[in-house]
Amino acid sequence: MSIKNPLRLALTTLFVFFIAISILLCMLNIVNNKEYSHVDHLRTEDIPANRGNIYSFDHELLAVTSTRYDLRFDEKYAHLISSKRDIEQLADDLSVIFPTKTKSDYLQTFTNNTKSRYLLLKRNASFDQIEKLKTIDFYQKSLRGGLVIEEYLTREKPNLHSAARTIGDLYKDNSVPKYGLEYSYNSDLMGEDGQCLVLYEPGIGSRKINNSNNIESKPGKDLITSIDLNLQDIVEESLLRQLEKYQADFGTAILMEVKTGQIKAITNLKKTKKGTYAEILNFAVTRQIEPGSTIKLASIMAYFEDFGGSIEDTIDCKNGHYRFAGAPIDTYDSKALGVVSIRRAFAYSSNIGIGRLVKKYYDTNPEKFINRFYAFGLAEQSKIDLMGVPKPEILSPSDNTWSRIALPWMSFGYGINLTPLDILTFYNAVANDGYLVAPYLGVALREGSKMLPITRDNPSYTICSESTLKKINLLLKEVVKSGTAKQLSYLPFSVSGKTGTTVKNYTKKIVLLAL
């Protein structure tokens, strides 16, 4: 069989071939061109970076990003393509995958829905539940039968509320931190978002397009903290028992490593309206209180430093009842003491004894007393790696509120506002041979397999002399041996510390214990 007009056929074939090549080249040019934003169904999308995890000091998870899902149902579309039997089978399948509702419940939900075309069937579904959903017959229909899976990221704490306020949290979009370590280390945890060309296909969804202009996201670094979960559990349980025993409004407890300043455990509990206790605020770091008798340690240290006193020097405690000049009310001690040594007055936490001592030696030069508080680091804003830390408030003779009673009352904890962490940092310096170390939680950052230690300034000076430290250590031991903390003397190990109580308007009392 001969072909008529072979030349015409050859030319036609070449023409079609060149047209096909031109179309292909045009398509490739569109996909790879920077100016692709004008093309229908093509757009540039941000690729969120994977946020770094937060770990305890021995690499147990404290905060992790996980994927969660909401399941919605386009009833209008589903009824157009499905029979009544299909809908009943869907309800049955849903009751198996999400057993919180029965088949009848789902059918009734379908019938009664009048609020939205996209009915919410399940919020916060797990990956396993969604994978099971994808295997049912209804999901195999066109456009998934009207089943719509919404995927989102959520930040979770595997240990629930343990140290929750310290670890921190994110807002619902999972990108902006609210507080805690999530906020302080956000620039390291967040990583760098990328960009990708995406093709949207009706009825199918979207898919990423390989393009030279795509930018890969860079995952955030992991944060390794100083938190020890075993110690954290012990501290939380111990605090909770005491709060429940005394029905206290709130409480906080901090465990700090003496030499390094690492916070090994921190818990904050407040009574809720239901009468239970929960982590609501980080009282340890942000709540300022008058330190009460715990500040007597600084008052006695000032006396030792400035006047070289002895723990056997005597003070007249006026048998536990005295009114300081200018005071609107009398001062009472819990134990009536007469003329006693500083050792005994400190052990029994005599406001009258300590107040009269400070008044006697600093009345003509109160600035000298205040300057000692500054030298002890009590006026420094805490350097802990958390936001929202207030600066200590210490009354000064130049303040308008200074009065005749300011000096003696400051000596036993009024007219001063410190956080529990400020008080702990000061006591820790005494335990650390006088070296003041800043408390911290972040130990290292991890990028892949590479560990990046977070450097800290090492202490280079002491807050007081060695002789004062020796005297103070004897006084702190005496508190437990024979004084206000005698109930702790039975412990099988040595304990030193100071108790403290602050009266607020004589209706509320704040109890402090520094060990």
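Residues numbered from 1 in each chain as written. Predicted model: local features only at pLDDT ≥ 70, side-chain atom pairs only at ≥ 80, totals over all residues. Heavy atoms only, no water.

Engineer: A description of the confidence of the model for the protein should follow, citing residues and the corresponding values.
Structural biologist: On average, residues of the protein carry a pLDDT of 88, and 87% of them reach 70 or more. Scored below 50 in pLDDT, residues 34-39 makes 10 contacts in the model with residues more than four places away or belonging to other chains. (pLDDT = per-residue confidence, 0-100. Contact = heavy atoms within 4.5 Å.)

Engineer: Run through the sheet that holds strand 12 (residues 263-271), naming residues and quoting values.
Structural biologist: The strand order across the open sheet formed by 3 strands is 11-12-13, and the pairing between neighbours is antiparallel. With one partner strand each, in any of the chains shown, strand 11 (250-256) and strand 13 (277-278) form the two edges of the open sheet. Across 7 bridges, strand 11 lies against strand 12 in antiparallel orientation. Bridge assignment links I254 to a residue of strand 12, and that residue is I266. Contacting strand 11, strand 12 and strand 13, helix 9 (residues 229-246) runs over the sheet at an angle of about 30° to strand 12. Of the strands in this sheet, strand 11 and strand 12 touch helix 16 (residues 420-431), which is tilted by about 30° from strand 11. (Pairing = 2+ DSSP bridges. Helix = DSSP H or I, 4+ residues; strand = E, 2+ residues; numbered from the N terminus. Axes fitted to C-alpha atoms, helices over the stretch in contact; angles between N-to-C directions.)

Engineer: Tell me about the layout of surface pockets, and name the residues and values.
Structural biologist: Taken as a whole, the second largest pocket spans an internal volume of roughly 750 Å³. Lining the second largest pocket we find 29 residues, and of these N351, F412, Y414, T501 and V503 sit closest to its centre. Secondary-structure elements contributing two or more residues to the lining of the second largest pocket are strand 16 (331-332), helix 15 (406-411) and strand 22 (498-504). Tallying contributions element by element places strand 22 first for the lining of the second largest pocket, with 4 residues. Of the residues assigned to the lining of the second largest pocket, the class counts are 12 nonpolar, 12 polar and 5 charged. (1 Å grid on protein atoms, 1.4 Å probe; cavity = no way out; pocket = protein on both sides within 12 Å on 5 of 7 lines; lining within 4 Å. Points joined across faces, edges and corners; volume = space filled by probe spheres on them. Nonpolar A, V, L, I, M, F, W, Y, C, P; charged D, E, K, R; others polar.)

Engineer: Can you lay out the nonpolar core for me, pointing to particular residues and giving the numbers?
Structural biologist: Formed by 52 residues in total, the largest nonpolar core has its most connected members in L297, I300, M301, F376, L378, F426 and I472. The set of elements that each furnish at least two residues to this core consists of helix 11 (296-307), helix 12 (342-347), helix 13 (351-362), helix 14 (366-375), helix 15, helix 16 and helix 17 (466-481). Broken down by element, the residue count for this core peaks at 7 residues, all from helix 11. With near-sequence residues (within four places) excluded, L297 lies in contact with F346, F426, Y427, V430, I472 and L476. (Core = buried A, V, L, I, M, F, W, Y, C linked by side-chain atoms within 4.5 Å. Buried < 20%, exposed > 50% of the residue type's maximum accessible area, 1.4 Å probe, protein only.)

Engineer: Hey, could you go over the side chain of T166 for me, with residue numbers and the actual values?
Structural biologist: With respect to the secondary-structure elements, T166 resides in helix 6 (residues 164-167). Since its relative accessible area comes to 1%, T166 is described here as buried. With near-sequence residues (within four places) excluded, T166 lies in contact with G180, L181, I266, N282, L386 and L441.

Engineer: Before we move on, could you go through the packing of aromatic side chains and cite the residues and values that matter?
Structural biologist: The final tally for this structure, using the stated rule, is 16 aromatic pairs. The interplanar angle of 45° and the centroid separation of 5.8 Å between the aromatic rings of Y303 and F304 together place this pair among those described as tilted. The burial state of Y303 is the same as that of F304; both residues are buried. Ring geometry for F307 and Y362: centres 5.3 Å apart, planes at 75°, overall edge-to-face. Taken together, the residues F307 in helix 11 and Y362 in helix 13 connect sequence positions 55 residues apart. (Phe/Tyr/Trp six-rings, centres within 6.5 Å; stacked < 30°, edge-to-face > 60°.)

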